[in-house]
Structure formats: structure tokens, C-alpha cells
Amino acid sequence: MSDTRRCAHPRVIVTRDLPGAVTGRMEQLFDTRLNRTDAALSRDELAQAVADCDVLVPTVTDTIDAELIAGAGERLRLIANFGAGVNHIDLRAARARGILVTNTPGVLTEDTADMTMALIVSVPRRLAEGEKLVRSGQWKGWSPGGMLGHRIGGKKLGIVGMGRIGQAVAARARAFGLSIHYHNRRRLPAVLEAQLGATWHADLDEMLGSVDVLTLHTPLNDDSRDLIDARRIALLRPHVYVINASRGGILDEGALVEALEAGRLAGAGLDVWRFEPEIDPRLLALPNVVMTPHMGSATLEGRIATGEKVIANIRMWADGHRPPDQVLEGWA
């Protein structure tokens, strides 16, 4: 049951250090407790936080599981997540305690799509390898056969998950001359397919066997965990590049490494990791993998817009109304 009782001046605990424009506004509006160190809170510190606040503002680095929620104080009534993904929050346990959960959809779409497109370009064109070559001092100058990569124009891009970000990637990729193919639980309206020049594949396995570049944009949940596993990686042809700027758990990293080492894939561009910040050392040794530190949404504009959504959700709840970005248990 949703609790929308009025809470005029709620105590808000923020788990990470957010941009000053956001925290300053929070301090004006709420009884706000900040984490100025920006170090991820320990399990004990999170337990102390949920026991002593009306609103918790966590991020993707905080695991808000059933055990933690069970130990929360009676005053906790809102978890206002800083970010769109909520796979780190046990929605069922929150609902059972009458705790609302909100997120911040939409504000990071363009930033994440830009990063995805950068990876789609950089891996086939070997940009990271070229940059390292120049910095090493070993570059001997231009040659006809030097640093040859592959063009992306005319290739088939396969998009898994055609929500806001998938559609934004499709629009960018089409401008680069890629043909758009996608797999989604629901087919897009015909007018949107026409606008994006997108072809729907009801069967994911069938699409995997026909594309040249694969990019992942589905939320991480029970249905998508290890969605691209060893069996599905084996369906990809050897010249394919795999891009993941969504969530690490969607892709079986071990199977990906094995395919790359065996030459059964051409390369990968990864911005997210299964056990981040820990990264499989085998990936670090592969020259055909471009790796970035979960920075797909890392723009100042995006962070401020995310914070503004968090504030709007808290204010609406504090006024006794349903927050605009309430997440339901079946969110995906």
C-alpha cells in the first residue's frame, strides 16, 4: 500500500556526494544529511541511514536488499533513487513495508546514447589502440596498412532493448549509415519503426545471427540477467562487435572473454561490469576491447537533471501526493 501522508520537512539522507547545485537545493528544502566524502557507504552505514531517515537517496552503488529494508526504521517511507536503474533495490520488500520507490527516467537518455555511439565507432576503428600507440612513442608515421579497422557504414546494428536509450542509439546509428535491427518484448508502433528505419526481430537468437554490431539496452532484472550468455554469444559471427553500456549482469563476461580470446568475436566496447569496479584481468590484456569506467551518464548536465528529478519526487511525496516517478514492483 502506498503511503502518501504529508511530511512537511523530511529527513533526507544522501549516500553519495552529488553536484553542489543539487545538494544546495536539498539543504534548503529538507533536513538533509550528506556524504561529502563520496565514498560508498558500508553495509553498517547504510543500515544506520535507513534507521534514521524519512527519505533515502541511494545510487547504483548501494545494495538496498530485503534484509536492509527489514531493519529500516518506521519513519522510512521513500527511497528516492538517484538514477533510472533500480536493480539494486528490492522492490518487493519495499512494497511490503509500505515504502515508495522512485527513480529518474529519461534524463540520461541522450548522454548514454552518446557514449554508446562513441563505443560503436571506437571499437571497429581501433581508436583506443591508436591513442595508446601515439602515447607510447612507437608510432612511426602513416602507412597504407597502419592501424586498419573497419567502417561501420552499411553494417547491421542489433539493439537489445528498444526503450528510450535504444531508440536514441538507433537515431544516431542511422545517421552513421547503419541499418537498425532490434529485439524488444513489445514491437514498436509502425510509425516509430519507420522513423528509425528499424526492423523488429521477435526471436532474439535469429537477430544475433544476422547483425554486425550488437548493443545492449535492457534493464537488469530476473529476465535479463545473463541474457547474452555463452550459448547466445556463440550465435554471433566472428566479425561482430559487442557493446554494453547498460548493466554488467546482462552479459556473461566470462563467455565474452573466451570468445574474444579464441577469435570468435572481433571486439567489444564495455562501460559497465558485472563486479565493478573489479574487472576481469583477461579483459585488460585484450587490445580489441575498449573499456570505460561506467561513465555513460557522466555529464554535469545529466547529474544535475537527475538530482532535480529526485528533488521533485521528494517534494511531491512530502506534500502528500504520489511522486511522478514512482517505480512499481514489476518495473522493467
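Residues numbered from 1 in each chain as written. Predicted model: local features only at pLDDT ≥ 70, side-chain atom pairs only at ≥ 80, totals over all residues. Heavy atoms only, no water.

**Some thoughts on the pairing of strand β1 (residues 11-14)**
Put simply, the test is: Using a 1.4 Å probe on the protein chains alone, a residue whose accessible area is under 20% of its type maximum counts as buried, one over 50% counts as exposed, and one in between counts as partly exposed. Under the DSSP-based scheme used, a helix requires at least four consecutive residues in state H or I and a strand at least two consecutive residues in state E, with every element numbered from the N terminus. Think of it this way: DSSP has to see at least two bridges between two strands before they count as a pair. With the strands pointing away from the viewer, any crossover whose connection runs clockwise from the first strand over the helix to the second is right-handed.
With burial as the criterion, each face of β1 is covered, one bearing R11 and I13 and the other bearing V12 and V14. For β1 and strand β2 (residues 31-33), the ladder comprises 3 bridges, and the chain directions are parallel. Within β2, the position partnered with I13 by the bridge is R33. The handedness of the β1 to β2 crossover, carried by helix α1 (residues 20-29), is right-handed. Pairing analysis gives 3 bridges linking β1 to strand β3 (residues 55-57), with the strands arranged parallel. Of the residues in β3, the one forming a bridge with V12 is V55.

**Re unusual backbone geometry**
Residues E276 and P277 are joined by a peptide bond in cis, for which omega reads 10 degrees. You can see P277 is positioned in the loop between β11 (267-270) and α12 (281-284). The phi torsion at R126 lies on the positive side, around 60 degrees, for a residue other than glycine. Despite not being glycine, D226 shows a phi value in the positive range, around 55 degrees. For D226, the location among the structural elements is in the loop between β9 (213-216) and α10 (230-233). Overall, the relative accessible area of 30% leaves D226 in the partly exposed class.

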